[in-house]
Amino acid sequence: MIKRSRITMIGIIVAIIAAACAPSADASREAVNVALSQPVILAGSTQTVYLKIGLQVDGEGDYRAPVNLAVVIDRSGSMQGEKLARAKEAAKAAINRLHPDDIVSVVAYDDTVRVLLPATKVADRAAVLGAIDGLQIGGNTALFAGVSVGASELRKFFDRERVNRVVLLSDGLANVGPATPAELGALGASLKKEGISVSTIGLGLGYNEDLMVRLAGHSDGNHAFVEHPRDLARIFDLEFGDAVSVTAQDILVRIECAEGTRPVRVLGREAEIAGRSVTVSVNQLYDAREQYILLELEAPAGMSGQTRRLAGVSWSFLRMGSSPVTERGTSRVEARYSADDKLVGANEDSTVMVAVVEQIATERNRLALDLRDQGRIDEAQALLLKNCNYANNNAVKYQSQILTDVALENEIDAQQIVKEEEWTVQRKAMTEKQLKRSKQQKR
Amino acid sequence: MLLVLLVVLPTGLLAWLAIRGVRDERVRVAGQLYAAAESRLTDVDARIERWLEEKSGRLMDLTASSNRDAVFWRDLVRTTPEISQIVVRAADGRLVHPPLGDAISDAESQFLVRIRRILERGFPSGPVETASPYDRSQRSQSAIDHGWVPWYWDEGLHLLFWRRDPAGSIIAVELDRTRLMSDLVVALPMEGDDSRSGVNLWHMALEDSQGRVLSQTGSPMADGEAMETVERRLSPPLGAWVLRAEVRSSSLGALGIYLRVAGLILVAAVLGGLAFVFHRESSRELREASERVGFVNQVSHELRTPLTNIRLYAELLERRLGEDDENRSYLDIIVAECSRLSRLIGNVLTFARRNRGSLAVHPVEGSVDETLRSVTAQFGPSLEAKGMEIAFDLAATQPVPFDPDALEQIVGNLLSNVEKYAAAGKVAEISSRQNDRSTLIRVADHGPGIPEDREESVFEPFVRLSDSLTEGVSGTGIGLSIARELARLHGGELRLVKADRGACFELELPKKPARRPR
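Residues numbered from 1 in each chain as written. Chains lettered and ligands numbered in written order. Predicted model: local features only at pLDDT ≥ 70, side-chain atom pairs only at ≥ 80, totals over all residues.

J.: Lay out unusual backbone geometry in plain terms, naming residues and giving numbers.
T.: With an omega of -5°, the peptide bond running from His97(B) to Pro98(B) counts as cis. Here Pro236(B) and Pro237(B) are connected by a cis peptide whose omega angle stands at 10°. Relative to the helices and strands, Pro237(B) is located in the loop between strand E8 (226-233) and strand E9 (242-248). Of note in the backbone geometry, Asp250(A) takes a positive phi value of approximately 55° without being a glycine. Here Asp250(A) shows up in strand E10 (residues 246-257). In this model, Lys426(B) sits at a positive phi of 70°, which is unusual for a non-glycine residue. Classification of Lys426(B) by C-beta neighbours within 10 Å gives partly exposed; the count is 14. (Helix = DSSP H or I, 4+ residues; strand = E, 2+ residues; numbered from the N terminus. Buried ≥ 20, exposed ≤ 12 C-beta atoms within 10 Å, placed from the backbone.)

J.: Summarise the packing of helix H5 (residues 181-194) of chain A against helix H5 (residues 177-187) of chain B; cite the residues concerned and give the values.
T.: Their axes nearest at 8 Å, the elements H5(A) and H5(B) cross at an angle of 80°. Relative to H5(B), H5(A) is oriented roughly perpendicular. Here H5(A) contributes Glu183(A), Ala186(A), Leu187(A) and Ser190(A) to the contact with H5(B), which in turn contributes Thr178(B), Arg179(B) and Ser182(B). Tallied by class, the residues present in the contact of H5(A) with H5(B) amount to two nonpolar, three polar and two charged. (Axes fitted to C-alpha atoms, helices over the stretch in contact; angles between N-to-C directions. Parallel < 35°, antiparallel > 145°, perpendicular 65-115°, else oblique. Contact = placed C-beta atoms within 7 Å. Nonpolar A, V, L, I, M, F, W, Y, C, P; charged D, E, K, R; others polar.)

J.: Residues and numbers for the interface of chain A and chain B, please.
T.: Listed per partner, the contact involves 29 residues of chain A and 29 residues of chain B. When residues of the side of chain A that touches chain B are traced back to their parent elements, those giving at least two are strand E6 (113-121), helix H4 (143-156), H5, strand E12 (272-274) and strand E13 (277-286) of chain A. Sorting elements by how many residues they give to the side of chain A that touches chain B places H5(A) first, with seven residues. A class-by-class count of the residues in the side of chain A that touches chain B yields 11 nonpolar, 11 polar and seven charged.

J.: Go over the nonpolar core with me, naming the residues and quoting the values.
T.: In terms of nonpolar packing, the biggest core is built from 166 residues, with Val72(A), Val107(A) and Val166(A) touching the most fellow members. The contact partners of Val166(A), leaving out residues within four places of it in the chain, are Ala70(A), Val72(A), Val147(A), Gly150(A), Ala151(A), Leu154(A), Ile196(A) and Val198(A). By size, the runner-up hydrophobic cluster in this structure holds 41 residues, among which are Ile345(B), Ala396(B), Leu414(B) and Ala483(B). (Core = buried A, V, L, I, M, F, W, Y, C linked by C-beta atoms within 7 Å.)

Dropping the structure here:
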């Protein structure tokens with residue numbers, strides 16, 4: 001009798017465990033998670049709240065996204081020697097890891113642009129590697145034309161079900177053709193509309209980080225600052241690995257705010273805000289990595305006990321895999337009002353708050369960089385230290401490793417930003433980090 | 001005194017004549033290049049015009065109806081790379097999109113501000129009188145219903161495309177300026193300079209209204225290097241942008257000609273005027289001919305890049321097609337024709353290199369027979385098409401040092417002659433032999449043969465040179481001359497040997513290559 005009940009108990013426990021595990025095992029986690037920073041809002045006056053839309057699509061099994069890559073390499077005079085030699089090695093090693101069905105093209109530019117290898121399947125490995133071997137040093141830096149031609153090579157075999165990406169390597173200032181960060185940013189934004197992203201790799205200390213970061217940021221590509229040519233192999237590998245780990249593309253999120261609720265801004269990303277509707281697009285999501293859209297809202301004043309609908313969220317994305325499929329969904333955002341600020345505090349969503357603190361700290365980090373650009377070094381340092389404290393306090397409050405990291409980064413920035421001789425390196429490192437934080441890219 | 005006068009007077013006269021001759025020649029060549037540059041710019045402009053026309057067609061399709069809501073227009077802006085903003089105005093002048101008031105975005109309201117003047121001015125209507133080519137007026141016989149408006153703000157020229165729908169509504173689309181530039185960069189011709197051969201004739205640039213270079217091909221000129229500059233404004237609506245081509249004077253080798261002529265005058269002063277006149281007369285024709293080839297040489301360089309691409313893709317495709325694919329025969333022809341064109345271009349470039357004195361062979365140990373087979377295989381389809389057969393008798397099995405590219409070129413030229421002149425003989429014979437000292441290769445045909453009095457002159461360049469440029473290049477004239485040159489660079493010889501019928505060429509390659517000083 002006792003024995004039997006024990007068996008029954010074990011059976012029940014197993015069943016419970018199985019039930020608990022089942023959802024996470026089969027139906028993997030929800031791709032889109034919508035949450036408010038304050039599900040319970042303080043009644044009586046308009047309140048600022050944050051809406052976080054977390055996006056994460058996990059890969060199916062060992063599926064690997066097919067890619068269509070254009071490797072665009074600067075062959076201006078400054079690339080002479082170790083830089084070009086390492087770049088060739090790194091590109092070849094990375095291409096060697098691609099599958100025969102992947103598509104790759106190689107473009108080199110100096111004053112003019114040359115297509116060394118028109119878009120072709122990697123199956124012809126010898127031709128691909130030979131094209132890279134043929135890279136020679138030239139003169140100036142026609143970066144704009146280089147990226148334009150790289151993108152046109154992608155268009156030859158453009159496919160929404162592939163990861164279409166330009167990988168740009170440059171060590172210099174663009175000096176032929178459009179060359180301002182704004183123009184390259186606009187080019188990036190236009191390419192994003194087609195589903196092309198540009199990942200930029202800045203080599204050494206001579207390139208314009210604002211331009212490279214804008215180009216990558218506006219097209220949803222990555223940016224890496226590589227101080228020594230010997231690190232190129234690792235970065236190329238990371239970048240190519242990143243491309244094949246894409247799990248979803250063409251993500252479009254629309255937020256329609258209810259009457260009375262006002263969208264203020266989207267933190268860290270470009271967004272279109274027209275009246276009460278907000279549209280954000282993201283080029284791609286990666287396996288096992290959450291990216292998010294963070295919208296600051298002004299919620300209308302409410303009465304205690306009242307529940308109000310603040311917004312409706314709708315989304316669509318293309319899930320990659322053996323048979324890609326477009327998925328759509330909607331979600332309602334509601335909040336309860338309460339006069340009890342303890343209850344408001346107790347209900348605060350810490351995951352949303354961590355994202356908010358991360359983005360605000362990143363914004364301030366940018367501000368510090370602007371101050372340093374204007375020569376206001378002391379103010380910049382003070383701001384960074386303040387930022388470090390802010391992140392640290394919240395790290396403790398929300399038990400967050402991310403915020404501990406943010407605090408540490410700002411502390412190091414505060415130490416480095418006053419060193420005149422380190423500024424070139426420091427500025428590049430800071431812009432790189434800012435982009436990664438605001439777009440939740442791989443670190 | 002008389003003796004001095006006898007030497008100085010004719011020498012001076014000759015020098016004057018020579019310098020004048022060179023000057024005339026320079027002017028002539030420059031004129032040729034100028035004309036070529038001009039036609040090239042016209043071509044580029046036409047290409048851009050065609051591009052705009054296509055763009056116009058695409059925008060017409062995208063804006064087919066004005067009866068749409070804000071979501072539609074915004075989605076269109078969001079998903080169309082070349083569009084930055086859209087405005088829709090009803091026939092009565094009322095603004096339909098973007099919506100005014102709270103629902104407008106910042107970007108939209110900025111757009112309304114910058115096009116206010118254009119909207120106030122309105123768009124043309126009424127009968128078509130001067131329809132420009134990018135106005136596809138066939139859609140409406142009697143009235144202009146769409147077009148481009150160039151306008152300036154901030155960093156320069158922007159383009160606005162507008163159309164009027166049957167209800168009289170106006171839809172105006174602002175093109176993304178950066179994207180426009182990016183697309184034009186891609187639409188422009190792009191040929192790599194060939195730094196290996198050092199030939200780099202052109203520099204062409206597209207400049208915006210502020211003289212900023214948008215894109216260029218060829219490397220820029222150093223100070224004083226440009227010889228001719230040709231400018232051309234793009235056709236409207238991009239009339240504020242300028243195409244500029246510069247022709248490199250150093251590429252004409254003008255200085256070289258001066259030096260050469262000066263040297264000749266010196267020799268003439270020593271040897272006497274008569275000998276000089278004689279020499280000059282005979283060399284003049286040659287020089288003119290090589291000038292022409294020099295020009296063709298430039299053209300060839302430009303042909304090579306697209307040709308390499310065609311070949312590459314055709315070969316990729318060939319590898320992908322199954323053996324018995326019915327399309328294979330077409331592809332074989334494409335590949336064979338590509339090889340033929342490559343051969344022609346290769347000849348011209350080799351000839352130019354020879355004239356610069358930079359022709360060399362690079363012998364490596366290898367099998368002659370193998371190279372012979374692979375060259376012959378290229379001719380397979382075209383010989384078959386003419387009902388010809390190839391008879392092999394290959395016995396050069398020992399590996400010897402030779403330059404496979406050069407051998408390919410020599411045998412390729414011989415076979416291409418067979419194909420051109422001896423197809424009636426139906427047979428091409430290729431044989432190889434080896435002895436202690438050398439390898440002998442024979443290419444023979446059963447065609448009409450070569451008359452005895454021309455036996456040596458076929459090896460001279462431009463023997464067949466007529467006024468027609470292409471005939472001069474593709475004829476045996478430079479083919480055989482190059483083939484012999486390459487054979488001699490190996491320390492060997494190419495000769496015509498007696499045969500019962502047809503022509504028979506014998507190529508001798510020594511086992512120990514002696515690189516002959518030129």
